[in-house]
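A look at the structure
Next come the chains, spelled out residue by residue.
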Amino acid sequence: MNEIWGPDSATIIWHWPIALYLFLAGLSSGAMMKALSVEWMNKNKKAPWDAFVRAGVLLAPFSIIIGLIILIFDLTKPLNFYQLLITYNLKSVMSLGVLLLLFYTPLSLAYAIIRFRSTLEQSFLGGIVRNFGALLDFLERNSLWFGRLVFAIAGGVGVYTGFLLSAIQTLPLYNSPILPILFLASGLSSGIAACICFGLIFFEKEVSKDTTKYLLTMDLRVIPIESLLLFALFVGLYFQGGEKAVAAITSLTSGTWAGIFWICVVGFSVVVPSVIALTALKNHAYKVNFILLNSLSIMIGVFALRMYILYAGQIYLGT
Amino acid sequence: MKYAMIHDMEKCIGCQGCTIACRSENAIPDGYFRLKVKMDGPHGEFPNLNFNYVRHSCEMCEHTPCVTVCPTHASFMDENGIVDINANLCVGCLYCVVACPYNARYVNPKTNVPDKCNFCKHTHLKQYGEPACVAVCPTDALIFGDLDDPLSPIFSYLANKPFVTNKPHLGTKPKLFVVPNKKGGIKL
Ligand code: SF4
Ligand code: SF4
C-alpha cells in the first residue's frame, strides 16, 4: 500500500566510503603507533632500519591521505570542502578531527621523509628534499620528541573516529562510550597487520625474525582485548534496556548484517587468527605464508567491523 | 523572539492539507518531505476505532544535536529560534542528517544540501507571519506563536491543554509541542 504521506526515505545516510575512511584512518594511526614503538623498542638506536618501521612510517601517511581523498569526494559538496578548514565548531567531533588531521597528516609525512631521507635524496625528488635540509636536520635531532608528539596525535586520530560515531545519540549502536576504545584497539591491530604484510612483501630482505615474532604476539594480544570490547559493547547496550537492548539483540541475530558480524567480524578478526596462532605459529615458527594469511584475515575483519558498525548502526534502531 | 508550534492531535483529522501546502510553498522535490503527517492506527475495538495523526517535521529543538555536530556552523539557530542551514557553508558531510533524532532532514537532490522545515522562514512566514501549514489547517490543529511573548496564542493554549514533546529523554527540548489524543488505551 502507498501511504498517503508518500514513501519513507531510505534510512542509510552514510555509505561504504565512510567505512573505508574509518578503516584507513584507523590503519594509519595503528601503523604509526606501531612503527614508533618498534623503533623505541630497538635499544641500540643505531639501526632502526627495520622492515616494519619502514613499512609503518610509509603506510601511515599514505593511508590517511587516501582516506581523506575518499572522504572529500564522498561529501555531497566536495568543492566546498575548504569550509572545513576555515570554519571550526569546537563542539563538533568532526571539526576536532579536522584539526587533528591538519597536524597528523603533514607530521606523519615528515616522519616518513626523515626515515627515508637518504633514499629520497638520491631520487628525482632529491632537490626538493635538500631544500628542506635544515628543517629535516632539526626534526632528526629531536626525533625522539618528534616521535612522541606524532604518537600522541596518532592516538588521537585512532579514537576520534570512534567519537565521531558515538556522538550520535539516536543510533544505539553508535552511541556507546566503548566505541572509541574499540576503534582504537582494532585500528591498532589492523595497523600492525598491515605493517607485517607490507614489510614482508616489500622489505623482505630486511625482515628480522625477532621483530616479526614481537609484532605477531603484539597483534595476537590485541585480539582478546578487541573481543572483550565487542562483548562489552553489546552487553552494555543490553543492560541499558529498552530500545538499546532491542537494537543489540536484533543487530546480532537478524538480517544480513548479523551474518556479516559473525562471519566477517568475529570469523576473520578473532577465530581465524586464533586458529592460525594455535596451530601453524605455535612455536613461533617463521612461516611466511601463514603470517601473511593471518595479517590479511585481521585486516578484512577490521574493515568488516567498520562496515558492520556503520550500517547496522543506521539500520537497527531498536524500534 | 522564539518561534514555537503546537500540533493538537485531538483536532488533527489527517487531511494532509499542511503537507501539500508545505510542498508547494517551499518547492519540495518529488519524493522528499519537510513535513509528513503519518496515520497511526486504527486503535481500539470496533466500533470505537480511532487514528492518531502524527506530525513529522523539524521540531526546532532548543538543544540541537544537528547544530552541535555540524563542523562548519552551516547548521545554526537564528535569532528567532529557528534552526536553519546556510548552504554556502555546508560541505555535505551529512553529519546533521544522521544526528537528528527526529529524522527531520533530507538531502535536496538539486542543491546537495540538507533541507528541512524552517517555519517557512523565507516564504510564508516572511509574507504573512505564519508558516504555510498553519495557514491552511482547516481545524486549527496547528498553532504558531512566540514563546517570548506572553500574549501569543501559544501561551493560553499550552496553559489549558496537557501537552508532551517527542523523545524527551534525549534532552533536545523541542519547540514543537504535541497535544496528545486522549482516545485510545494503555499501550505496553
Ligand atoms: S528536529 Fe532535527 S533538524 Fe530539527 S532542530 Fe531538532 S535535531 Fe535539528
Ligand atoms: S551536511 Fe552541511 S549542515 Fe549538515 S552537518 Fe554537514 S556541513 Fe553541517
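Residue numbers here run from 1 along each chain, matching the order of that chain's written sequence. Chains and ligands are labelled sequentially in the order written, the chains with letters from A and the ligands with numbers from 1. The model is predicted, so local features are restricted to residues of pLDDT at least 70 and side-chain atom pairs to those at 80 or more, both for listing and for counting; the totals for chains, interfaces and linings are taken over all residues. To get the side-chain values, all heavy atoms of the structure are used, and hydrogens and water are removed first.

Let's talk about the overall build of chain A
Heads up, the rule is: Secondary structure elements are taken from DSSP: a helix is a run of H or I of four residues or more, a strand is a run of E of two residues or more, and numbering for both begins at the N terminus. C-alpha atoms define the radius of gyration in this analysis, and the globule rule sets the expected value at 2.2 Å times the number of residues to the power 0.38. Each residue is placed in one exposure class: buried if its accessible area under a 1.4 Å probe, protein chains only, is under 20% of its type's maximum, exposed if it is over 50%, and partly exposed if it falls in between. Residue contacts follow a heavy-atom distance rule, with two residues in contact if any of their heavy atoms lie within 4.5 Å. Shrake-Rupley sampling with a 1.4 Å probe provides the accessible areas, and residues are treated as covered by the protein chains on show and by no other component. Residues counted as positive are Lys and Arg, residues counted as negative are Asp and Glu, and His and the chain ends are not counted. In this description, the location of a charge corresponds to atom NZ of lysine, CZ of arginine, CG of aspartate or CD of glutamate.
Of the regular secondary structure elements, chain A holds 13 helices and zero strands. When the helices and strands of chain A are listed from N to C terminus, the series reads α-α-α-α-α-α-α-α-α-α-α-α-α. Here the C-alpha atoms of chain A give a radius of gyration of 21 Å, agreeing with the 20 Å that 2.2 N^0.38 yields for 319 residues. Seen through its principal axes, chain A has C-alpha atoms that stretch 70 × 55 × 30 Å. Residues classed as buried in chain A amount to 52% of the 319 residues present. Taking contacts inside chain A between residues at least 6 apart in sequence as the whole, the part at least 24 apart equals 79%. Surface exposure of chain A reaches about 14,800 Å², of which carbon and sulfur atoms provide 71%. For chain A, the separation between the mean place of its 20 positive charges and that of its 14 negative charges on side chains is 10 Å.

Details of the nonpolar core
Note on soluble globular proteins: their nonpolar side chains tend to be buried together. Stated formally: Residue types Ala, Val, Leu, Ile, Met, Phe, Trp, Tyr and Cys, when buried and joined through side-chain atoms within 4.5 Å, form a set referred to as a nonpolar core.
Core analysis: the biggest nonpolar cluster contains 122 residues, and A:Trp14 and A:Tyr308 have the highest contact counts within it. It is helix α1 (residues 16–41) of chain A that provides the largest number of residues to this core, a total of ten residues. Ignoring sequence-local partners within four residues, the contact set of A:Trp14 consists of A:Leu165, A:Ile168, A:Tyr174, A:Leu310, A:Tyr311, A:Gln314, B:Cys93, B:Leu94, B:Tyr95 and B:Val98. Counting 13 residues, the second-largest nonpolar core is a separate cluster that includes A:Leu24, A:Ala31, A:Ala194 and A:Val302.

Side note on the interface of chain A and chain B
Test applied: Put simply, buried area is how much 1.4 Å-probe accessible surface two parts lose in total, over both of them, once they are put together. Salt bridge criterion: a side-chain nitrogen from Lys or Arg within 4 Å of a carboxyl oxygen from Asp or Glu. Under this definition, polar contacts are N or O atom pairs within 3.5 Å; protein pairs additionally need one hydrogen-donor-capable and one acceptor-capable atom, and for neighbouring residues in sequence, both atoms have to be side-chain atoms. Any residue outside Ala, Val, Leu, Ile, Met, Phe, Trp, Tyr, Cys, Pro, Asp, Glu, Lys and Arg is labelled polar, Gly included; the first ten of those are nonpolar and the last four are charged.
Counting residues at the interface gives 31 residues for chain A and 35 residues for chain B. Together chain A and chain B conceal approximately 2,800 Å² of surface at their shared face, both sides included; 61% is due to carbon and sulfur atoms. Seen at the junction of chain A and chain B, the total is zero salt bridges. In this structure, the connection of chain A to chain B is made through 17 residue pairs in polar contact (both at pLDDT 80 or more). Taken together, the elements giving at least two residues each to the side of chain A that touches chain B come down to α3 (82–86), α4 (93–115) and α8 (143–166) of chain A. In terms of residue count, α4(A) provides more of the side of chain A that touches chain B than any other element does, three residues in total. The residue makeup of the side of chain A that touches chain B, split by class, is 17 nonpolar, eleven polar and three charged.

Here's the deal with the packing of aromatic side chains
The condition is simple: Two rings belonging to Phe, Tyr or Trp (six-membered ring only in the last case) form a pair when the distance between their centres is within 6.5 Å. Interplanar angles under 30 degrees mark stacking, angles over 60 mark edge-to-face geometry, and anything in between is tilted.
Enumeration over the complete set of coordinates arrives at 16 aromatic pairs over all chains. When the ring of B:Phe119 is compared with that of B:Phe144, the centres are 5.1 Å apart and the planes differ by 85°; the resulting orientation is edge-to-face. Highlighted residues: B:Phe119 in the loop between β7 (114–115) and α4 (124–128) and B:Phe144 in strand β8 (residues 142–146), separated in sequence by 25 residues. Judged by relative accessible area, which is 10%, B:Phe144 ranks as buried. These aromatic residues form a ring-pair network of at least three members: A:Phe234, A:Phe261, A:Trp262 and A:Tyr308.

Observations regarding the site of ligand 2
Applied cut-off: Proximity criterion: a residue is near a molecule or strand once any of its heavy atoms comes within 4 Å of it.
Around ligand 2, a shell composed of 13 residues is seen, among which B:Cys70, B:Cys90, B:Cys93, B:Leu94 and B:Cys96 lie nearest. Partitioning the shell around ligand 2 into residue classes produces ten nonpolar, three polar and no charged.

Topic: the UniProt feature "transmembrane region" (unreviewed entry) in chain A
Residue and element names in this part refer to chain A. Let me state the cut-off plainly: UniProt positions are given in the numbering used here, feature names are shortened, and annotations may be inferred rather than shown by experiment.
The positions UniProt marks with the feature "transmembrane region" (unreviewed entry) are residues 12–31, 52–73, 93–114, 149–169, 181–203, 215–239, 259–281 and 288–309. Counted over residues 52–73, helix gives 100% and strand 0%. Its end C-alpha atoms are 31 Å apart. Helix makes up 100% of residues 93–114 and strand 0%, whereas the separation of the span's terminal C-alpha atoms amounts to 31 Å.

Here's the deal with unusual backbone geometry
All names here are of chain B. The residue after Gly41, namely Pro42, is reached through a cis peptide bond having omega 5°. Turning to its location among the elements, Pro42 is positioned in strand β2 (residues 36–43). Phe46 connects to Pro47 through a cis peptide bond whose omega is 0°. Tracing the chain through its elements places Pro47 in the loop between β2 and β3 (50–56).

Points about the packing of helix α10 (residues 209–240) of chain A against helix α11 (residues 242–253) of chain A
Packed helices, taken two at a time, are described by the angle their axes make and the gap between the axes. Residue and element names in this part refer to chain A. We apply this condition: Only C-alpha atoms enter the line fits that serve as axes; for helices the fit covers just the stretch in contact. Angles between N-to-C directions range over 0 to 180 degrees. Each angle gets one of four labels, with under 35 degrees taken as roughly parallel, over 145 as roughly antiparallel, 65 to 115 as roughly perpendicular, and the rest as oblique. Helix crossings are classified by the rotation of the near helix relative to the far one: an anticlockwise turn of less than a right angle makes the crossing left-handed, while a clockwise turn makes it right-handed.
In the contact formed by α10 and α11, the axes pass within 6 Å of each other and the chain directions differ by 140°. On the basis of their axis angle, the class for α10 and α11 is oblique. In this structure, α10 crosses over α11, and the sense of that crossing is left-handed. Contacts from Phe234, Leu237, Tyr238 and Gln240 of α10 reach α11 at Gly242, Lys244, Ala245, Ala248, Ile249, Ser251 and Leu252. Broken down by class, the residue content of the contact of α10 with α11 amounts to seven nonpolar, three polar and one charged.

Looking at the sheet that holds strand β1 (residues 3–8) of chain B
All names here are of chain B. We apply this condition: Only strands joined by at least two bridges in the DSSP assignment are considered to pair.
Taking strand neighbours across the sheet as the criterion, the three strands line up as β8-β1-β9 in an open arrangement whose pairing is mixed. Strands with a single pairing partner mark the edges of an open sheet, and in this sheet they are β8 and β9 (176–179). If you compare each strand with its neighbour and ignore which way they point, the axes differ by 20° on average. Strand direction decides the pairing type here: β1 and β9, joined by four bridges, are parallel. In the strand pairing of β9, Met5 is matched with Leu176.

Side note on the packing of α10(A) against helix α13 (residues 288–315) of chain A
All names here are of chain A. Packing of α10 against α13 leaves a shortest axis separation of 12 Å and a crossing angle of 25°. Classified by the angle between their axes, α10 and α13 sit roughly parallel to one another. For the element pair α10 and α13, the recorded crossing hand is left-handed. Of the residues in α13, those in contact with Thr212, Leu216, Asp219, Ile223, Glu226, Leu230, Leu233 and Phe234 of α10 are Ile291, Asn294, Ile298, Val302, Leu305, Tyr308 and Ile309. For the contact of α10 with α13, a count of residues per class yields eleven nonpolar, two polar and two charged.

Things to note about the environment of A:Val246
All names here are of chain A. Topologically, Val246 is positioned in helix α11. Among the residues examined, Val246 registers a relative accessible area of 40% and is labelled partly exposed. In sequence terms Val246 and Leu317 are 71 residues apart; their C-alpha atoms lie 8.0 Å from each other.

Some words on the pairing of β1(B)
Residues and elements named next belong to chain B. Burial runs high along β1: six of the six residues are buried. Here β1 shows no split at all, with Tyr3, Met5 and His7 on one side and Ala4, Ile6 and Asp8 on the other all buried. Where β1 and β8 come together, five bridges link them in antiparallel fashion. Within β8, the position partnered with Ile6 by the bridge is Ile143.

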